[in-house]
Amino acid sequence: MLREVEATGKYETTRRLRSMTGSVFRYAIVTGRASVDPTYALQGALIQPQVAPRAALKERRKLGRLLCAIDDSTGHPGTRIALQLLALLAPRPGELRQARWEEFDLEERVWRIPAERMKMRRPIVFPYQRKLPLC
């Protein structure tokens, strides 16, 4: 089954499918329904997905141009604000999607995410200081 998915060129899907199937077999072993995890032998045998580095904006001017392009976009205002926050603060997308207005202190210019919404169960504070060159 994994080789069929791999043959379509979906290497990341193949890797995740092997991992998920391995979890099912490990559970089956613990509950006495299976004695072997056949996916264990496949570790390293499947084609690994090629990881491409993501481009990063390391120059202030380029980040400024990105923010200006976002400002000038004609999209939904909520989408524009979300893109600006992603560019400036780099939160996880899920944290931004689930953000609540009460978490933002506009006078102090911070976004406080409570511990219960964070992956590591620790609160985080994102300071917001927009001091970038404009277009």
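Residues numbered from 1 in each chain as written. Predicted model: local features only at pLDDT ≥ 70, side-chain atom pairs only at ≥ 80, totals over all residues. Heavy atoms only, no water.

S.K.: Would you take a moment to explain the packing of aromatic side chains for this structure?
M.R.: Centre distance and the angle of the planes are the two values used to describe a pair of aromatic rings. Considering all chains together, one arrives at three aromatic pairs under this definition. Three or more aromatic residues link up through ring pairs in this structure, and these residues are Trp 101, Phe 104, Trp 111 and Phe 126. (Phe/Tyr/Trp six-rings, centres within 6.5 Å; stacked < 30°, edge-to-face > 60°.)

S.K.: I keep staring at helix 3 (residues 60–72) and nothing clicks. Help me out?
M.R.: Every α-helix carries 3.6 residues per turn, so stepping three or four residues along brings you back to the same face. Taking 1.5 Å per residue, 13 residues should reach 18 Å; helix 3 reaches 18 Å between its end C-alpha atoms and fits that length. Buried within helix 3 we find Leu 63, Gly 64, Leu 67, Cys 68 and Ile 70. Each buried residue of helix 3 lies within a common arc of 160° when the element is viewed along its axis, so the set occupies one face. Residues of helix 3 that are exposed and angled more than 90 degrees away from the buried face: Arg 61 and Asp 72. (Helix = DSSP H or I, 4+ residues; strand = E, 2+ residues; numbered from the N terminus. Expected span 1.5 Å × (residues − 1). Buried < 20%, exposed > 50% of the residue type's maximum accessible area, 1.4 Å probe, protein only. Arc of directions from axis to C-beta.)

S.K.: Hey, could you run me through the sheet that holds strand 3 (residues 124–127) in this one?
M.R.: Whenever strands of a sheet pair, they do so through backbone hydrogen bonds, lying parallel or antiparallel. With respect to topology, three strands assemble into an open sheet ordered 1-2-3, the strand pairing being antiparallel. The two strands at the open ends of the sheet, each matched to only one other strand, are strand 1 (104–105) and strand 3. Where strand 2 (residues 110–113) meets strand 3, four bridges bridge the pair, whose relative direction is antiparallel. Within strand 3, the residue paired with Ile 113 across the bridge is Ile 124. (Pairing = 2+ DSSP bridges.)

S.K.: Explain the pattern of salt bridges to me, please; I cannot follow it from the model alone.
M.R.: Close approach of charged atoms allows side chains of opposite charge to pair. In this structure the tally under the stated criterion is nine salt bridges. Here Asp 37 ties to Arg 26 by a salt bridge, and the two come within 3.5 Å at their closest N and O atoms. Of the two residues, Asp 37 is situated in the loop between helix 2 (11–30) and helix 3 and Arg 26 in helix 2; the sequence distance between them amounts to eleven residues. Overall, the relative accessible area of 15% leaves Asp 37 in the buried class. In this structure, a network of salt bridges that share partners links the residues Glu 12, Arg 15 and Arg 16. (Salt bridge = Lys/Arg side-chain N within 4 Å of Asp/Glu carboxyl O.)

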